[in-house]
Amino acid sequence: MKEIIGRKMGMTQVYAEDGTMYAVTVIEVLPNVVTQKKTKDHDGYDAIQIGYEDKKEKSLNKCEKGIFKKANVATKEFLFELKGDEMNGFEVGQEIKADLFKDGEIVDIIGTSKGRGYAGVIKRWGHAIGPKGHGSGYHRQQGSFANNGRCNNRVIPGKKMSGHMGNQSATVLNEIIVKVDAEKNYILVRGGVPGAKKSIVKIRSAVKPSLQNYKVKPVIDRSVKVEAAPAETPAQETK
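Residues numbered from 1 in each chain as written. Predicted model: local features only at pLDDT ≥ 70, side-chain atom pairs only at ≥ 80, totals over all residues. Heavy atoms only, no water.

Residues D41, D46, D85 and E86 make up a contiguous surface patch of negative charge. Considering the arrangement of structural elements, one finds D41 in helix α1 (residues 40-43). By relative accessible area, which is 80% here, D41 ends up exposed. (Patch = residues over 30% accessible without salt bridge, like charges linked within 9 Å, V, L, I, M, F, W, Y side chains within 5 Å. Areas by Shrake-Rupley, 256 points an atom, 1.4 Å probe, with all protein chains shown as cover. Salt bridge = Lys/Arg side-chain N within 4 Å of Asp/Glu carboxyl O. Lys, Arg positive; Asp, Glu negative; His and termini not counted. Charge placed at Lys NZ, Arg CZ, Asp CG, Glu CD. Helix = DSSP H or I, 4+ residues; strand = E, 2+ residues; numbered from the N terminus. Buried < 20%, exposed > 50% of the residue type's maximum accessible area, 1.4 Å probe, protein only.)

Okay, here's the thing in structure tokens:
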């Protein structure tokens, strides 16, 4: 399994040479710098710790400075752990770039969903609305809290109630990578990605791939400028 950290930048659309349009999410993938290796003998599990996005050293505390000083790498804003057999081959100080993945690969995207604030059960859980006529006093409430005679001295954990909606980890399975550009540090993923713009996301190999037969057509690179052919000069008149 492969994993890499990126930042969701928004959505756009790109076209293949035959006119096929792909609605894609642009994920900025700056180099992930390995700052530490976790081993099963020392830490109980295998993983690598990576730093993402540069940060001024004066903005770090002593503990954070010690991590980057020991690894002899530039100070970073975020620290994450990446797991997987293919990730254990990286050593401290190495950079993991967007070309870790290839065009057409099937991946899962993990992010933090948008926060929706305080919401009732109708919006948050999709409960049905109560009768609106004949003197009914029940419209958008949470419903009965009875537990069918079992442990009625408390609310059973898992009861669907009103509360904070969103702002929690969300995973979208089986997204397809349309284009990878390691030089410009971005990955284009077909479809939507959890989270708001500028939010951090994790791209990993699909754990339950189901689109192996889907083929992505080559995307036109609009950044390449095609030079116009020189105009033909009229032939000189013979005397």
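After that view, the rundown keeps rolling.
Okay, the pattern of salt bridges next. Across all of its chains, the model carries nine salt bridges by this definition. The salt bridge involving K38 is made with E81; its shortest N-O contact spans 3.8 Å. With K38 in strand β3 (residues 32-38) and E81 in strand β5 (residues 76-82), the pair connects residues that are 43 residues apart, well separated along the chain.

A surface patch of like charges, here positive, comprises K114, R116, K123, K197 and K198. Considering the arrangement of structural elements, one finds K114 in the loop between β7 (106-112) and β8 (115-119). Exposure remark for K114: the relative accessible area of 43% places this residue in the partly exposed category.

A word on the nonpolar core. Within the largest apolar cluster, 24 residues are counted, with the highest numbers of intra-cluster contacts made by I27, I48, I50, I96, I109, I187 and I203. Counting residues per element, the ones that place at least two in this core are β1 (3-15), β4 (47-54), β7, β10 (169-181), β11 (186-190) and β12 (200-205). Per-element tally for this core: the top contributor is β4, with three residues. Look past the residues within four positions of I109 in its chain and what remains in contact with it is I27, A170, T171, V172, E175, V189, V193, P194, V201, K202 and I203. In terms of nonpolar packing, the next biggest core, distinct from the first, is built from eight residues, A16, Y22, V178 and V219 among them. (Core = buried A, V, L, I, M, F, W, Y, C linked by side-chain atoms within 4.5 Å. Contact = heavy atoms within 4.5 Å.)

With the rule as written, the count across this model stands at one aromatic pair. When the ring of F78 is compared with that of F80, the centres are 6.2 Å apart and the planes differ by 35°; the resulting orientation is tilted. Judged by its relative accessible area of 25%, F78 is partly exposed. The ring of F145 has K159 sitting right over it, with the charged end atom 5.0 Å from the ring centre. Sitting over the face of the ring of Y214, R190 holds its NZ or CZ atom 4.6 Å from the ring centroid. (Phe/Tyr/Trp six-rings, centres within 6.5 Å; stacked < 30°, edge-to-face > 60°. Lys NZ or Arg CZ within 6 Å of the ring centre and 35° of its normal.)

Turning our eyes to something else, we now look at a nonpolar patch on the surface. Together, M1, L173 and V207 give the surface a local cluster of nonpolar side chains, amounting to about 230 Å² of exposed area. Checked against the element boundaries, V207 lands in the segment after β12. On the accessibility criterion, V207 (41% relative accessible area) is partly exposed.

Moving on to the pairing of β11. Most of β11 sits out of view: four of its five residues are buried. Pairing between strand β2 (residues 21-28) and β11: five bridges, direction antiparallel. Bridge pairing links I27 to I187 in β11. Taken together, the four bridges between β10 and β11 define a ladder with antiparallel strand orientation. Paired with V180 across the bridge in β11 is I187. Two successive antiparallel strands, β10 and β11, enclose a turn made up of four residues, where N185 displays a positive phi of approximately 60°. (Pairing = 2+ DSSP bridges.)

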